[in-house]
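Residue strings, one per chain:
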Amino acid sequence: MKPSNISRRQFALIAGSAGAVPFVMSGAEPLTAESVVRRIQMELGGEWGTAGPDGFKAGDTSTVVKGIATTAMATLDVLKQAVKAKANLVLTYEPTFYGRSDGAPAPTGRGPGGPAADDPVVKAKREFIVKNGLVVYRLRDHWQAKKANETVAAFADALGWSKYRLRSDDALYDIPAATAETTVNAIRGRLNLRAGLRAVGDRKATVRRVLLYPGVMPLDTMWQRYSEVDLVLTGEVREWENTFYAADIFTAGEKRSLVTVGRVVSEEPGMRLCADWLKTVVPLPAQWIGAGDPYWRPV
Amino acid sequence: MTGREVVELIKKNSGVTWNERSFRDTFKAGNPDSQVKGIATTMMTTLDMLKRANEAGLNMVISHEQTYWNDRDDTKDLTLNPLYKAKTEYILKNDMIVWRNHDGLHAMKPDFTVLASLRAVGIKAGDEAVMNAPVYTIPETTLGEFAAQVKRLTGARAFRCVGDPKARISRILLGPGYATPRMRADVDVVIGGEQQEADGGFDNVEYVMDAASLGMAKGVIMLGHVMSEQPGMEDFANWLRGFVHDVPIRLIPNEEPFW
């Protein structure tokens, strides 16, 4: 994903009442991963139980944090980059160990879990984390619950569309009119995409109104909102559901487009925003490291 | 012959104990007791394929996936939806019948969707081609060369690959549609239709990215849901002709939805 700086206005909005002045710890005691996470929890608020995906996934929680890296998905390449950047606490939106159970045995009766503990890839990744003194924390549900609207703004910012938002509480954007093909090419360039981008609909149709939906767009949102806009831009849908709704709308003669860029790619701007937000919460360097578009296609 | 009679013949000839409680394998639209003039098999009952089937005089549609864009073909939230109304009206006006054959088809030996998908990627299989198919060994090649060959053979435009194109691979595990298998130690390349990218039961994408980062030869090829299972619906049409003789039967393919 191509870097693009967050706007000043947006930064001010995000910083809000949390204060433009960074949080100052009392005394000189070093910040551990555990205390950083506690601070994040306090700032985001809400109940932080043990249920749900958020939590420490690897590493020693008493590790003193030198720097924080945020990412949509803590791949091994992202971890390697974090080490190089001297960030030893990694906050990831998606799992680290290849499934929702994320290294823990899957809850019984909830389908198959992730890979076995002795899986060679799992082992190598754990060893890398331990050897480099990394701590990995998954921050998904609580971040999403509090920052959904801001992650839409961050997605728009990554696309260069911030100023086109229609209302601050909705995800509609009126972008400069262009064909779907031109718009898709612009999206591909801004987000540095390879084969992860796929589009359905009329490539010659004029696109002006766009609905942004980072992450996974549910079916009912598709049914309710697709006909409001010229183009829906989201991370991931089920092909056999939303994609064929879009295909049928196309057959029915409505000139709309559905564009998916990949779940993880669409979640990166939100985690970039998270890094900027962290700087207002803890007195530590924080940076976003993107996992990139995983997909390629032979020529 | 009525639509209902065609379905009874399919169940009788399937060689499996049909699961009558499947919410998938039911009539979705039209009158099951209408006379069948011709049968169109397809992956998805899209509006586009309904029109092409009707123009070809094929008024019974046997679809592997759904008609109303959700697995249960639940229409309670769609009653005011213009697209739902237009699609349903088109089916009724043209006296078409739509029946879904999903669970029953996947229970058969071989599972046509698996057998034909293997064939489409260049692997000859037999009756062992079922859900949870065995691992097939092909002559060693690179992931990039294999993916290019698959792209050529299937004609799929929008398929996606993960992994190092230079990785040397030979052991292939394939699943149909959304049943993309999980990567395992004895497999180099997993092939499926589509899969949730992350936060699922087993995330192949991240696993293969990390394996590639470690220099392990692993790859995922996602053909797209239609491109994965559509060849199986042609095999199914051929099989159907073995015992339904009086009406034309053929695949009405879905266009790949992506451009």
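To be clear, the structure that these remarks concern was listed above.
Source: prediction; values computed, not measured.

### Notes on the side chain of threonine 92 of chain A
(1) Moving on: Position of threonine 92 of chain A relative to the elements: it lies in strand 3 (residues 89-92).
(2) Moving on: Looking at threonine 92 of chain A, its side chain comes within polar contact range of the main-chain nitrogen of alanine 74 of chain A, at 3.0 Å.

### Focus on the interface of chain B and chain A
(1) Moving on: Contact with chain B, which involves 60 residues of that partner, is made by 58 residues of chain A.
(2) Moving on: The three residues of chain B that bury the most area against chain A are Glu197, Asp199 and Trp259 of chain B, which together make up 17% of that side's buried surface.
(3) Moving on: Linking chain B to chain A there are 7 salt bridges.
(4) Moving on: Aspartate 199 of chain B is the partner of arginine 140 of chain A in a salt bridge, and the nearest nitrogen-oxygen pair spans 4.0 Å.
(5) Moving on: At the surface where chain B touches chain A, the tally comes to 33 residue pairs in polar contact (both at pLDDT 80 or more).

### What to know about the sheet that holds strand 10 (residues 286-288) of chain A
Residues and elements named next belong to chain A.
(1) Moving on: One open sheet holds the 5 strands; their spatial order is 1-4-3-2-10, and the pairing between them is mixed. For this open sheet the edge positions go to strand 1 (55-58) and strand 10, each flanked by a neighbour on one side alone. Averaged over all adjacent pairs, the angle separating strand axes in this sheet is 25°, with direction ignored.
(2) Moving on: Relative to strand 4 (residues 135-138), strand 1 is paired through 3 bridges, and the arrangement is antiparallel. Among the inter-strand pairings, phenylalanine 56 is bridged to a residue of strand 4, identified as tyrosine 137.
(3) Moving on: Against the sheet, helix 9 (residues 263-278) contacts strand 2 (68-71), strand 3 and strand 10, and its axis sits at roughly 155° relative to strand 2.

### Some thoughts on helix 2 (residues 33-44) of chain A
Residues and elements named next belong to chain A.
(1) Moving on: With 12 residues, helix 2 extends 16 Å from end C-alpha to end C-alpha; this agrees with the ideal 16 Å at 1.5 Å per step.
(2) Moving on: Where helix 2 is buried, its residues contact strand 1, strand 2, strand 3, strand 4, helix 5 (141-159) and helix 9.
(3) Moving on: Downstream of helix 2 by one or two residues, glycine 45 has phi in the positive range, about 75°.

### Overview of the pairing of strand 6 (residues 198-201) of chain A
Note on strand geometry: in a regular strand, side chains alternate between the two faces of the sheet.
Residue and element names in this part refer to chain A.
(1) Moving on: Of the two faces of strand 6, both are covered, the one formed by Arg198 and Val200 as well as the one formed by Ala199 and Gly201.
(2) Moving on: Judged from the 4 bridges that link them, strand 6 and strand 9 (residues 257-260) form a sheet pairing that is antiparallel. Bridge pairing in strand 9 links valine 200 to leucine 258.

### Looking at unusual backbone geometry
Trans is the common state for peptide bonds, and a negative phi is the common state for residues other than glycine.
(1) Moving on: Of note, the bond from lysine 109 of chain B into proline 110 of chain B is cis; its omega dihedral lies within 30 degrees of zero at -5°.
(2) Moving on: Within the secondary structure, proline 110 of chain B is located in the loop between helix 4 (103-107) and helix 5 (112-120).
(3) Moving on: Look at aspartate 102 of chain A: it is not a glycine, yet its phi comes out positive at around 50°.
(4) Moving on: Of note, aspartate 102 of chain A is situated in the loop between strand 3 and helix 4 (120-131).
(5) Moving on: Its identity is not glycine, yet asparagine 192 of chain A carries a phi of approximately 55°, on the positive side.
(6) Moving on: Within the fold, asparagine 192 of chain A resides in the loop between helix 6 (180-191) and strand 6.
(7) Moving on: According to the relative accessible area criterion, asparagine 192 of chain A is partly exposed, its value standing at 48%.

### Things to note about helix 3 (residues 82-93) of chain B
Residue and element names in this part refer to chain B.
(1) Moving on: When the terminal C-alpha atoms of helix 3 are compared, their 16 Å separation across 12 residues agrees well with the 16 Å that a helix rising 1.5 Å per residue should span.
(2) Moving on: Leu83, Tyr84, Lys87, Thr88, Tyr90 and Ile91 are the residues of helix 3 that are buried. In a view along the axis of helix 3, the buried residues occupy a sector of 155°, so they form one face of it. In helix 3, the exposed residues that point more than 90 degrees away from the buried face are Pro82, Glu89, Leu92 and Lys93.

### A short note on the environment of leucine 166 of chain A
All names here are of chain A.
(1) Moving on: Structurally, leucine 166 can be placed in the loop between helix 5 and strand 5 (172-179).
(2) Moving on: Owing to a relative accessible area of 40%, leucine 166 belongs among the partly exposed residues under this scheme.
(3) Moving on: Sequence separation between leucine 166 and glutamate 268 is 102 residues, and the spatial gap between their C-alpha atoms is 23 Å.
(4) Moving on: For leucine 166, the residues in contact, after removing those within four places along its chain, are Leu172, Asp174 and Arg209.

### Looking at the packing of aromatic side chains
(1) Moving on: Scanning the entire structure with this criterion turns up 14 aromatic pairs over all chains.
(2) Moving on: Geometrically, the ring pair formed by tyrosine 68 of chain B and tryptophan 69 of chain B is edge-to-face, given 5.9 Å between the ring centres and 80° between the ring planes.
(3) Moving on: Look at tryptophan 69 of chain B and you get buried, because its relative accessible area is 2%.
(4) Moving on: Look at tyrosine 68 of chain B and you get buried, because its relative accessible area is 2%.
(5) Moving on: An aromatic cluster of three or more residues is present, and its members are Tyr226 and Tyr245 of chain A together with Tyr68, Trp69 and Tyr84 of chain B.
(6) Moving on: Lying across the ring of phenylalanine 97 of chain A, lysine 125 of chain A places its NZ or CZ 6.0 Å from the centre.
(7) Moving on: Over the ring of tyrosine 295 of chain A we find arginine 160 of chain B; its NZ or CZ atom is 4.6 Å from the centre of that ring.

### Thoughts on the pattern of salt bridges
(1) Moving on: Following the criterion strictly, the structure yields 40 salt bridges over all chains and no others.
(2) Moving on: Aspartate 199 of chain B is the salt-bridge partner of arginine 263 of chain A, the closest N and O atoms lying 4.0 Å from each other. Of this pair, arginine 263 of chain A sits in helix 9 while aspartate 199 of chain B sits in the loop between strand 8 (189-192) and helix 7 (204-213), each in a different chain.
(3) Moving on: Linked by salt bridges that have partners in common, Glu94, Arg100, Arg138, Arg140, Asp141, Glu236, Arg263 and Glu267 of chain A together with Asp199 of chain B make up one network.

### Details of the environment of glycine 114 of chain A
(1) Moving on: Take glycine 114 of chain A: it is sitting in the loop between strand 3 and helix 4.
(2) Moving on: Looking at glycine 114 of chain A, the relative accessible area reads 18%, which means it is buried.
(3) Moving on: A sequence separation of 12 residues divides glycine 114 of chain A from aspartate 102 of chain A, and the C-alpha atoms of the two residues are 6.8 Å apart.
(4) Moving on: Look past the residues within four positions of glycine 114 of chain A in its chain and what remains in contact with it is Tyr98 and Ser101 of chain A together with Arg182, Gly201 and Phe202 of chain B.

### A few points about the sheet that holds strand 6 (residues 160-163) of chain B
Residue and element names in this part refer to chain B.
(1) Moving on: Here 5 strands make up an open sheet; going across it, the order is 5-7-8-9-6 and the pairing mixed. Strands at the two margins of the open sheet, each flanked by one partner only, are strand 5 (136-142) and strand 6. Put simply, the sheet's adjacent strands are angled 25° from each other on average, direction ignored.
(2) Moving on: As defined by bridge partners, strand 5 adjoins strand 7 (residues 168-174) across 4 bridges and the pair is classed as antiparallel. Bridge pairing in strand 7 places threonine 137 opposite arginine 171.

### What about the nonpolar core?
(1) Moving on: Formed by 114 residues in total, the largest nonpolar core has its most connected members in Trp161, Leu212, Leu233 and Val261 of chain A together with Ile10, Ile39 and Leu240 of chain B.
(2) Moving on: Sort the elements by how many residues they give to this core and helix 8 (residues 225-240) of chain B lands first, with 7 residues.
(3) Moving on: If we skip the residues at most four places from it in the chain, leucine 240 of chain B touches Ile10, Ile39, Ile62 and Ile249 of chain B.
(4) Moving on: Of all hydrophobic cores here, the second largest spans 65 residues; its members include Val136, Tyr137 and Ala154 of chain A together with Ala211 of chain B.

Parameters at a glance
- Residues numbered from 1 in each chain as written.
- Chains lettered and ligands numbered in written order.
- Predicted model: local features only at pLDDT ≥ 70, side-chain atom pairs only at ≥ 80, totals over all residues.
- Heavy atoms only, no water.
- Helix = DSSP H or I, 4+ residues; strand = E, 2+ residues; numbered from the N terminus.
- Polar contact = N/O pair within 3.5 Å; in protein donor to acceptor, adjacent residues only side chain to side chain.
- Contact = heavy atoms within 4.5 Å.
- Buried area = accessible area lost by both parts, 1.4 Å probe.
- Salt bridge = Lys/Arg side-chain N within 4 Å of Asp/Glu carboxyl O.
- Pairing = 2+ DSSP bridges.
- Axes fitted to C-alpha atoms, helices over the stretch in contact; angles between N-to-C directions.
- Expected span 1.5 Å × (residues − 1).
- Buried < 20%, exposed > 50% of the residue type's maximum accessible area, 1.4 Å probe, protein only.
- Arc of directions from axis to C-beta.
- Phe/Tyr/Trp six-rings, centres within 6.5 Å; stacked < 30°, edge-to-face > 60°.
- Lys NZ or Arg CZ within 6 Å of the ring centre and 35° of its normal.
- Core = buried A, V, L, I, M, F, W, Y, C linked by side-chain atoms within 4.5 Å.

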